[in-house]
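Residue strings, one per chain:
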Amino acid sequence: MLHRRSLLAASGAATLLAATPFVRAQGSLQKFKFNLGWKVEATAAGFLLAQQRGYYKDAGLDVAIDTGNGSAAAISLVGSGAYDCASADLATMVEFDVNNPTAGLKAVAIQYDLNPNAILVRKDGPIQKPADLAGKTLLGQPFNASRKLFPAFAKAQGFDPASVKWENVAPDIGDTRFVKGDFDGAGYFYFTGLLNLKLRGMGPEQVRVFRFSDYGMKSYGNGLVANAKSMENAEAMKAFVRATTRGWIEAMADTKAGAAAIKAREPLANEAIEQERLQLIVDGSMKTPGTMAHGWGAATPERLQATIDETVAAFGLKSSPTVADIWSDRFLPTTADRKLKA
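Quick caveat: nothing in here was measured; it's all calculated off a predicted structure.

**What about the pattern of salt bridges?**
Consideration 1: Going through the model one piece at a time under the given rule, you end up with 14 salt bridges.
Consideration 2: Of the charged contacts, one joins Asp175 and Arg200 as a salt bridge, the two residues approaching to 3.8 Å between their closest N and O atoms. Of this pair, Asp175 sits in helix α7 (residues 171-180) while Arg200 sits in the loop between α8 (190-199) and β9 (207-211); the two residues are 25 residues apart in sequence, bridging distant segments of the chain.
Consideration 3: Assessed through its relative accessible area of 1%, Asp175 is described here as buried.
Consideration 4: Arg200 sits in the partly exposed class, given a relative accessible area of 29%.
Consideration 5: A single network of salt bridges, built from pairs that share partners, joins Glu41, Glu274 and Arg277.

Pasting the structure below:
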């Protein structure tokens, strides 16, 4: 009887271990390093909510979530192997892959179905349409995705992007100077610009927004970018994407909970502003006909090809990767698990 109980106990333990493949014998979790690509604000809500609610741990992962300094820096860190995955702009990833042919970085999920890159100007100013930006001075750092994609946007609107002068000023200082009138416009993710300017006294009603996606650009925005080594550990990557998907679906459905997760990670965050920012993100870039039809994280070959084509044209790249070079859907959860909440 004692021997039989021992066998049953051993069998039960083996079953439990099989059900949680990343739990090691000593009870530790699989470590996974993730870079937000930016600071702790609403763009991080889904990741932090997944962490706060234990979804990564439930999946057998010990996920470290670190802040970043823009997509280019985050992608370089993933490319070097310092991080397993990052939230980053797909156009910047395409550029990195072309310039580093052996890097093999791929997007494994789409975060922003509609590209959030934009140019913001004063509503009462002389710039009433995109073509009026010709010859003007704009705020935008070299790593700024809106600045980097601007040539494709400008050419689509019929003016020479080289006619625009760009000012490289640190984001916080640049926001203040834009409000003072030092620049004709500024390149931002629309939700970053609108809320940053609001904090400095310029309300959304005073701003005109030229979103690239409203003017013909079909590129995806940010995605989850992974390196070849982290993708080799397929079960860990699947677990990360699955838990992240759940976190973002819940943050989209409950922006108050998403903002609270931001506040819990960053006590100095303005929770009301971050909830407002998150709602802008959800309404403008994440809850789209595409995600309603295919679920969070999915991509279509047509949109991926458009992302490649627009990036190659905007950055003047020497070669053009294939869709298979930049995208893998093998880590996505089922369509049912990706479905947005009503």
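**Regarding the sheet that holds strand β3 (residues 85-89)**
Consideration 1: An order of β2-β1-β3-β10-β4 is seen for the five strands of this open sheet, with the pairing classed as mixed. Edge positions in the open sheet fall to β2 (61-66) and β4 (106-110), since each of these has one partner strand only. If you compare each strand with its neighbour and ignore which way they point, the axes differ by 30° on average.
Consideration 2: Across six bridges, the pairing between strand β1 (residues 30-35) and β2 is parallel. Residue pairing across strands places Lys33 opposite Ala64, the latter belonging to β2.
Consideration 3: Packed on one face of the sheet, helix α2 (residues 45-52) meets β1, β2, β3 and β10 (222-226) and runs near 140° to β2.

**Things to note about the sheet that holds β9**
Consideration 1: Strand order in the open sheet formed by five strands is β7-β6-β8-β5-β9, with mixed pairing between adjacent strands. Each edge of the open sheet is held by one strand with a lone partner, namely β7 (165-167) and β9. If you compare each strand with its neighbour and ignore which way they point, the axes differ by 30° on average.
Consideration 2: By the bridge criterion, five bridges tie strand β5 (residues 117-122) to strand β8 (residues 185-189) in an arrangement that is antiparallel.

**Re α7**
Consideration 1: Buried residues of α7: Gly174, Asp175 and Phe178, and no others. Down the axis, α7 shows its buried residues gathered within 105° of arc, on one side only. Structural note: α7 exposes Ile173 and Lys180 on the side pointing more than 90 degrees away from its buried face.
Consideration 2: In the core, the buried residues of α7 are packed alongside β5, β6 (137-139), β8 and α8.
Consideration 3: Within two residues after α7, Gly181 carries a phi angle of roughly 100°, on the positive side.

**Structural notes on the packing of aromatic side chains**
Consideration 1: Per the counting criterion, the structure on display carries 15 aromatic pairs.
Consideration 2: Ring centres 4.4 Å apart and planes at 15° place the aromatic pair Phe32 and Phe240 in the stacked group. Here Phe240 lies in helix α10 (residues 234-253) and Phe32 lies in strand β1, a separation of 208 residues in the sequence. Each member of the pair Phe32 and Phe240 is classed as buried.
Consideration 3: Aromatic pair Tyr56 and Phe240: ring centres 5.3 Å apart, planes at 10°, arrangement stacked.

**Some thoughts on the confidence of the model for the protein chain**
Consideration 1: Averaged over every residue, the pLDDT of the protein chain is 92; the share at 70 or more is 92%.
Consideration 2: This model gives residues 1-26 a pLDDT under 50, and the stretch forms 15 contacts once residues within four places in sequence are excluded.

**Describing the side chain of Asn35**
Consideration 1: Structurally, the position occupied by Asn35 is in strand β1.
Consideration 2: One polar contact links the side chain of Asn35 to the main-chain carbonyl oxygen of Thr67, over a distance of 3.4 Å.
Consideration 3: In this view, Asn35 contacts Asp66, Thr67, Gly68, Ala74, Leu77, Tyr83, Cys85, Ala86 and Ser87; residues no more than four positions away in its chain are not counted.

**Thoughts on the packing of α8 against helix α12 (residues 271-286)**
Consideration 1: Orientation of α8 relative to α12, taken along the N-to-C sense of each, is 150°, at an axis distance of 9 Å. In this view, α8 runs roughly antiparallel relative to α12, as classed from their interaxial angle. Every pair of crossing elements has a handedness; the one defined by α8 and α12 is right-handed. From α8, Tyr190, Phe191, Thr192, Leu194, Leu195, Asn196, Lys198 and Leu199 reach across to α12, where they touch Ile273, Glu276, Arg277, Leu280, Ile281, Gly284 and Ser285.
Consideration 2: Here the residues of the contact of α8 with α12 are counted per class, giving eight nonpolar, four polar and three charged.

**Looking at the environment of Ala306**
Consideration 1: Inspection of the secondary structure assignment puts Ala306 in helix α14 (residues 301-315).
Consideration 2: Between the alpha carbons of Ala306 and Pro204 there is a distance of 30 Å; along the sequence they are 102 residues apart.
Consideration 3: Apart from the residues within four sequence positions on either side, Ala306 is in contact with Lys218 and Ser219.

Conventions and cut-offs
- Residues numbered from 1 in each chain as written.
- Predicted model: local features only at pLDDT ≥ 70, side-chain atom pairs only at ≥ 80, totals over all residues.
- Heavy atoms only, no water.
- Salt bridge = Lys/Arg side-chain N within 4 Å of Asp/Glu carboxyl O.
- Helix = DSSP H or I, 4+ residues; strand = E, 2+ residues; numbered from the N terminus.
- Buried < 20%, exposed > 50% of the residue type's maximum accessible area, 1.4 Å probe, protein only.
- Pairing = 2+ DSSP bridges.
- Axes fitted to C-alpha atoms, helices over the stretch in contact; angles between N-to-C directions.
- Contact = heavy atoms within 4.5 Å.
- Arc of directions from axis to C-beta.
- Phe/Tyr/Trp six-rings, centres within 6.5 Å; stacked < 30°, edge-to-face > 60°.
- pLDDT = per-residue confidence, 0-100.
- Polar contact = N/O pair within 3.5 Å; in protein donor to acceptor, adjacent residues only side chain to side chain.
- Parallel < 35°, antiparallel > 145°, perpendicular 65-115°, else oblique.
- Left-handed = near helix turned anticlockwise from the far one by under 90°.
- Nonpolar A, V, L, I, M, F, W, Y, C, P; charged D, E, K, R; others polar.

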